[in-house]
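So you can see what is in the structure, the chains are spelled out below.
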2 protein chains.
Amino acid sequence: MQDSQNLLAARQRLLGGGYRLFYDQPLHVVRGEGVWLYDAQGQAYLDAYNNVASVGHCHPAVVAAIASQAAQLNTHTRYLNDAIVEFAEDFLSEFPPELRNITMTCTGSEANDLALRIARQVTGGEGIMVTRWAYHGVTSLLAGLSPALGEGFQRGENVWLIDAPDSYRTQPGAWVASIAQALEEMRQAGVKPAALLFDTIFSSDGIFSPEAQRVQQGVALVRAAGGLIIADEVQPGFGRTGSQRWGFLRYGVTPDLVSLGKPMGNGHPVAALVGRPELFAEFGRRQRYFNTFGGNPVSCRAAQAVLQVLRSEQLQNNAQEVGCFLRQGLCTLAAQYPVIGDIRGEGLFIGVELVLGHEQKTPASQIAAAVVNKMRQRQILISTTGPQASILKIRPPLVFRQQHAELLLQTLGQVLEEVTA
Amino acid sequence: MQDSQNLLAARQRLLGGGYRLFYDQPLHVVRGEGVWLYDAQGQAYLDAYNNVASVGHCHPAVVAAIASQAAQLNTHTRYLNDAIVEFAEDFLSEFPPELRNITMTCTGSEANDLALRIARQVTGGEGIMVTRWAYHGVTSLLAGLSPALGEGFQRGENVWLIDAPDSYRTQPGAWVASIAQALEEMRQAGVKPAALLFDTIFSSDGIFSPEAQRVQQGVALVRAAGGLIIADEVQPGFGRTGSQRWGFLRYGVTPDLVSLGKPMGNGHPVAALVGRPELFAEFGRRQRYFNTFGGNPVSCRAAQAVLQVLRSEQLQNNAQEVGCFLRQGLCTLAAQYPVIGDIRGEGLFIGVELVLGHEQKTPASQIAAAVVNKMRQRQILISTTGPQASILKIRPPLVFRQQHAELLLQTLGQVLEEVTA
């Protein structure tokens with residue numbers, strides 16, 4: 001194991017300019033277990049941030065599934081193999097019956113990129129709507145509709161940016177009105193709509209949960225104009241929102257396509273696109289789609305193991321209960337620390353918006369950065385989100401229990417005391 | 001384990017229209033070891049096709065590296081971690097000294113897509129040149145420059161298709177002339193060139209190895225016009241061509257960016273883009289690039305294990321020797337069977353072009369399909385390539401030995417006897 005300073009220097013020399021590290025004082029991790037990450041000195045950090053190791057870092061059932069299948073067979077999907085079929089059958093049982101087909105990819109980016117390829121081909125349209133601070137992935141196409149990538153962002157062709165359903169700063173219905181306006185602009189520009197693509201908890205926009213009725217209205221507008229609905233469940237999916245397995249279920253709508261990713265293999269690179277079979281059939285009539293690593297037996301067994309753990313350890317239920325406890329504790333802190341302007345989220349996906357003044361609601365970005373770094377110094381890992389990075393993002397593995405929430409709340413109280421003193 | 005017929009029906013129902021299977025009678029694989037794949041009845045198949053499990057199916061050193069690291073830590077690159085830095089240092093030592101930076105992705109598609117994003121941003125140009133039957137991946141951008149995807153292919157904006165350096169059907173220099181013509185067309189259209197992207201063994205075009213001097217001429221033309229050179233080493237890389245570790249080295253040129261994929265983790269989803277540090281720096285100044293699973297410690301340890309096996313088992317050397325033996329045997333068959341029009345390739349990446357008439361060179365696509373299927377019936381796995389699927393593609397794991405080559409040659413002789421009788 002290398003000294004952290006040498007490691008940092010070597011990393012910068014070898015990996016180059018695109019890479020970023022978390023925290024003013026980067027964390028050098030060497031081991032993970034459950035909700036804990038350990039640094040090179042053996043110090044434990046409470047992971048209240050990582051949604052990939054969703055069933056807990058290095059869950060033994062997932063590790064065993066990967067090790068066992070990797071020793072037996074790992075090849076592509078142009079041969080018949082049990083693993084992908086067994087996984088597909090089991091996994092699709094978690095979705096509404098209209099969504100009966102799955103295509104496996106390696107990353108959420110590949111899933112979203114494919115969703116848009118299908119939408120554009122099947123609808124014959126080009127127009128894509130995403131929220132103003134969306135993040136949907138790293139391919140060329142997705143970078144052009146992910147303003148959250150920051151100042152280098154260049155909006156892609158036929159991409160319309162719409163308002164997020166910001167329950168803290170805008171009126172209910174602003175999101176729907178923004179969809180209507182985008183559709184009208186497309187009509188005037190002679191661009192046929194292809195899809196509304198949205199993260200069902202609006203993770204990068206600031207973590208929002210619009211009313212079901214509003215989402216239904218927005219969806220109806222898009223469909224009436226001939227566009228498809230693509231739910232990006234890469235972050236909210238797999239039970240994280242507590243009340244439901246998938247974020248879109250909270251809104252009583254069934255998307256045409258659903259992209260999955262991050263927690264799907266607990267860190268193993270596996271992702272997927274689920275959707276209506278007629279869309280895949282129409283796409284498949286004109287195009288083949290072959291992803292060399294996508295749907296290989298190891299990835300499928302990893303994903304199957306994650307699904308089984310999610311069920312057997314009732315982690316969705318835990319997300320609901322501990323998320324509720326956590327939000328209650330945050331409300332108590334909010335009563336003491338007026339820097340907390342709003343507490344949002346579902347299950348174990350929580351946003352705590354920090355502001356200067358409850359009237360002005362000025363984003364407290366510097367304070368948020370200070371909180372995140374001071375939490376890290378106290379061995380608790382969180383981050384920020386939102387266009388101004390002023391919203392604390394608390395998004396732990398789903399094995400996060402009440403005692404972990406208590407530790408987080410206690411420490412956050414100390415840190416808020418310090419930064420607002 | 002399911003019955004193959006039930007499995008096929010379930011697969012078609014669940015996976016939908018985009019998926020394809022190899023062979024008239026699909027193969028149901030359950031286990032792999034070295035150059036062998038085993039079906040559900042325990043029948044062994046000699047794998048002379050798969051370039052992903054390049055160090056042999058289920059190589060124990062790679063399996064152990066994956067299992068061990070998966071049990072210890074699997075997280076993203078926003079923390080310091082030894083695995084990515086150690087791998088990057090070791091891996092980059094395999095490249096010319098100008099190529100000193102690496103960005104890790106999960107798939108070759110992600111690597112090529114990123115290469116083009118970087119090229120377009122850094123050059124300020126848009127024009128991309130690829131060969132007429134190129135295949136570079138499955139993202140929206142790459143699908144628009146991968147004519148090998150077939151009839152559904154729609155050429156992307158600012159994509160120019162150039163001739164492949166077809167040594168069997170065109171004059172030497174046709175490729176260079178085609179580059180010059182594309183550049184001239186760009187100039188007339190007011191499109192600034194961004195990159196020439198080429199597979200260094202022209203896998204999907206039909207497996208070609210142009211003279212070094214020609215490649216140098218083409219590269220010089222592109223650079224003089226301000227474009228970058230991107231070598232797609234996803235297929236030819238990692239010693240497969242025998243004489244060199246990377247396909248581009250045969251031509252005495254150093255690309256600006258090199259994409260890696262398929263064999264990099266022996267089936268584990270890991271890929272990368274290697275290149276000149278000033279390109280990554282320039283890109284990173286304006287954009288961040290974060291790939292959630294890209295460069296995770298498990299992927300890095302898998303890739304490191306592959307690299308070590310490649311070295312310790314001297315597999316590049318084996319590719320050279322057995323590839324040479326195989327081509328000699330194919331030449332002997334060509335003397336007996338005039339349906340063999342041309343034998344091409346390097347190391348263990350071999351193309352055998354089948355034709356009707358050595359003068360007319362009519363692509364013998366149906367015969368090629370029959371050969372592939374009859375080989376499969378005799379438990380030897382190969383496939384076809386080229387615009388007419390008339391070229392037998394022989395591209396086994398690099399642990400393919402002389403006795404395996406002998407078995408392949410003997411069986412191919414029988415099959416050629418049968419199909420040309």
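Residues numbered from 1 in each chain as written. Chains lettered and ligands numbered in written order. Predicted model: local features only at pLDDT ≥ 70, side-chain atom pairs only at ≥ 80, totals over all residues. Heavy atoms only, no water.

- The name an unreviewed UniProt entry gives chain A is Aminotransferase class III-fold pyridoxal phosphate-dependent enzyme, with Rouxiella aceris as the organism.
- Heading Cofactor (unreviewed entry) of the UniProt record for chain A holds this comment: "pyridoxal 5'-phosphate".
- Here chain A is described in UniProt, under the heading Sequence similarities (unreviewed entry), as follows: "Belongs to the class-III pyridoxal-phosphate-dependent aminotransferase family." (UniProt positions renumbered as here; feature names shortened; annotations may be inferred.)

## Remarks on the layout of surface pockets
Move 1: The calculated volume of the largest pocket comes to roughly 1,600 Å³.
Move 2: What lines the largest pocket is a set of 43 residues, among which Arg120(A), Leu141(A), Glu157(A), Arg120(B) and Leu141(B) lie closest to the centre.
Move 3: Elements represented by at least two residues in the lining of the largest pocket include exactly helix H4 (108–123), helix H5 (140–143) and helix H8 (277–286) of chain A together with helix H4 (108–123), helix H5 (140–143) and helix H8 (277–286) of chain B.
Move 4: Residues that form the lining of the largest pocket fall into these classes: eleven nonpolar, 20 polar and twelve charged. (1 Å grid on protein atoms, 1.4 Å probe; cavity = no way out; pocket = protein on both sides within 12 Å on 5 of 7 lines; lining within 4 Å. Points joined across faces, edges and corners; volume = space filled by probe spheres on them. Helix = DSSP H or I, 4+ residues; strand = E, 2+ residues; numbered from the N terminus. Nonpolar A, V, L, I, M, F, W, Y, C, P; charged D, E, K, R; others polar.)

## Details of the packing of aromatic side chains
The geometry of an aromatic ring pair comes down to the distance between the two centres and the angle between the two planes.
Move 1: Evaluation of the coordinates by the stated rule reveals 24 aromatic pairs over all chains.
Move 2: A ring pair is formed by Trp175(B) and Phe202(B), whose centres lie 5.8 Å apart and whose planes are at 85°; its orientation type is edge-to-face. With a gap of 27 residues between them, Trp175(B) in helix H6 (residues 174–189) and Phe202(B) in the loop between strand S7 (193–199) and helix H7 (212–224) connect regions that are remote in the sequence.
Move 3: Taken together, the aromatic side chains of Phe87(A), Phe91(A), Phe95(A), Phe238(A) and Trp246(A) make up a single cluster linked through ring pairs. (Phe/Tyr/Trp six-rings, centres within 6.5 Å; stacked < 30°, edge-to-face > 60°.)

## Focus: the sheet that holds strand S2 (residues 36–39) of chain B
Residue and element names in this part refer to chain B.
Move 1: Taking strand neighbours across the sheet as the criterion, the four strands line up as S1-S2-S3-S14 in an open arrangement whose pairing is mixed. Where the open sheet ends on each side, the last strands, each with one partner, are strand S1 (29–33) and strand S14 (380–381).
Move 2: In this structure, S1 lies alongside S2, joined through four bridges in antiparallel fashion. When the bridges of S2 are listed, Gly32 appears paired with Leu37. (Pairing = 2+ DSSP bridges.)

## Some details on unusual backbone geometry
All names here are of chain B.
Move 1: Located in the positive-phi region is Asn158, a residue other than glycine, with phi close to 60°.
Move 2: You can see Asn158 is positioned in the loop between H5 and strand S6 (159–162).
Move 3: Of note, Lys361 is a non-glycine position whose phi angle comes to about 55°, a positive value.
Move 4: Inspection of the secondary structure assignment puts Lys361 in the loop between strand S12 (349–356) and strand S13 (362–363).
Move 5: For Lys361, a relative accessible area of 24% puts it in the partly exposed group. (Buried < 20%, exposed > 50% of the residue type's maximum accessible area, 1.4 Å probe, protein only.)

## What to know about the relation of the copies chain A and chain B
Each of the two copies of the chain can be brought onto the other by a rotation about an axis and a shift along it.
Move 1: Mapping chain A onto chain B leaves a residual RMSD of 0.0 Å; the transformation is a rotation of 180° accompanied by 0.0 Å of translation along its axis. What we have between these two chains is a two-fold relation. Within chain A, Ala67(A) has its C-alpha nearest the rotation axis, a separation of 2.5 Å.
Move 2: Interface residue correspondence from chain A to chain B reaches 100%, placing this contact among same-surface, isologous pairings. (Least-squares fit on C-alpha atoms with pLDDT ≥ 70 in both. Contact = heavy atoms within 4.5 Å.)

## So, helix H10 (residues 315–336) of chain B
Residues and elements named next belong to chain B.
Move 1: Along its 22 residues, H10 runs 31 Å from first to last C-alpha, staying within 8% of the 32 Å computed at 1.5 Å per residue.
Move 2: Among the residues of H10, those classed as buried are Leu315, Gln316, Asn318, Ala319, Val322, Gly323, Leu326, Arg327, Gly329, Leu330 and Leu333.
Move 3: Buried residues belonging to H10 abut helix H9 (297–312), strand S11 (340–346), S12, strand S16 (391–394) and helix H12 (402–419). (Expected span 1.5 Å × (residues − 1).)

## Description of empty space enclosed by the protein
Move 1: Applying the stated criterion to the full structure yields 14 cavities of 30 Å³ or more.
Move 2: The computed volume of the largest cavity comes to approximately 210 Å³.
Move 3: What lines the largest cavity is a set of 18 residues, among which Thr292(A), Gly108(B), Ser109(B), Val234(B) and Lys262(B) lie closest to the centre.
Move 4: When residues of the lining of the largest cavity are assigned to their parent elements, the largest contribution, three residues, is made by H4(B).
Move 5: Considering only residue class, the lining of the largest cavity consists of five nonpolar, nine polar and four charged.

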